[in-house]
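Working through the structure, step by step
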Amino acid sequence: MARETVELDLALLLERPDVRYVVAANFAYTAKDIQDFLAIAYVANPQMRGSGPGGMSILTAQHLSGRGRVNNSLLLDLRGPGGDIIALNIDHTLALKHKNTANGAAPDLAEDCKRTLAA
């Protein structure tokens, strides 16, 4: 099992008016679909103690599922209604031929986010 941590400096991102959305995508670099192995995406607050990895407080979590090798797991809206930061667990596995963003998955991920926001 592998674990990767992505830490966001929300204060820094909020200082930039040109940044509204943050997307977390997961890539399966094997011939397996996302649903064929245990994949979990979560948002945690490292400033609060909890039962998550490293003793962090888990705010939201999901098991990733679906056929495909690219999963659009999280969409953060840094400028939601009333100025709130909104975290959407979307768990959209995309059936793409691409294995990574360098091979062209980024436009498909962006379109998936637009559809999610429009819904």
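Structure's up top.
This is a predicted model, so every value here is computed, not measured.

Reading the values: the criteria
Residues numbered from 1 in each chain as written. Predicted model: local features only at pLDDT ≥ 70, side-chain atom pairs only at ≥ 80, totals over all residues. Heavy atoms only, no water. Buried < 20%, exposed > 50% of the residue type's maximum accessible area, 1.4 Å probe, protein only. Helix = DSSP H or I, 4+ residues; strand = E, 2+ residues; numbered from the N terminus. Pairing = 2+ DSSP bridges. 1 Å grid on protein atoms, 1.4 Å probe; cavity = no way out; pocket = protein on both sides within 12 Å on 5 of 7 lines; lining within 4 Å. Points joined across faces, edges and corners; volume = space filled by probe spheres on them. Nonpolar A, V, L, I, M, F, W, Y, C, P; charged D, E, K, R; others polar. Axes fitted to C-alpha atoms, helices over the stretch in contact; angles between N-to-C directions. Lys, Arg positive; Asp, Glu negative; His and termini not counted. Salt bridge = Lys/Arg side-chain N within 4 Å of Asp/Glu carboxyl O. Polar contact = N/O pair within 3.5 Å; in protein donor to acceptor, adjacent residues only side chain to side chain. Contact = heavy atoms within 4.5 Å.

A word on the pairing of strand S4 (residues 70-77). Among the eight residues that make up S4, eight are buried, leaving the element largely enclosed by the rest of the structure. Sheet topology note: the strand S1 (residues 21-27)/S4 ladder contains seven bridges and is antiparallel. When the bridges of S4 are listed, tyrosine 21 appears paired with aspartate 77. Direction of pairing for S4 relative to strand S5 (residues 86-94): antiparallel, over a ladder of seven bridges. What sits directly across from leucine 74, in S5, is asparagine 89.

Another aspect to go through is unusual backbone geometry. Of note, the phi angle at aspartate 91 is positive, near 40°, even though the residue is not glycine. Summarising the element assignment, aspartate 91 is placed in strand S5. On the basis of relative accessible area, aspartate 91 is assigned to the buried category, the value being 19%.

Before going further, it helps to spend a moment on the layout of surface pockets. The computed volume of the largest pocket comes to approximately 1600 Å³. Around the largest pocket, the lining comprises 43 residues; the ones closest to its centre are Glu4, Val6, Ile40, Ala41 and Tyr42. Looking at the lining of the largest pocket, its residues break down into 32 nonpolar, seven polar and four charged.

The next point concerns the sheet that holds S5. Pairing is antiparallel across the open sheet formed by three strands, whose spatial order is S1-S4-S5. If you trace the sheet from one side to the other, it starts and ends with S1 and S5, each paired once. Going across the sheet, the axis of each strand differs from the next one's by a mean of 15°, ignoring polarity.

Our next topic: the side chain of aspartate 91. Buried charge without a salt bridge: aspartate 91, with arginine 115 as the nearest opposite-charge side chain at an N-O distance of 13 Å. Separated by 2.9 Å, the side chains of aspartate 91 and asparagine 71 make a polar contact. When sequence neighbours within four positions are dropped, the list of residues in contact with aspartate 91 reads Gln62, His63, Leu64, Ser65, Asn71, Asn72 and Ser73.

The next point concerns the pattern of salt bridges. Counted according to the given criterion, the structure contains five salt bridges. For arginine 16, the salt bridge goes to aspartate 18, with nearest N and O atoms at 2.7 Å. Assessed through its relative accessible area of 42%, arginine 16 is described here as partly exposed. Judged by relative accessible area, aspartate 18 falls into the exposed class, the value being 56%.

So, to be careful, I would describe these as geometric facts and stop short of saying anything about function.
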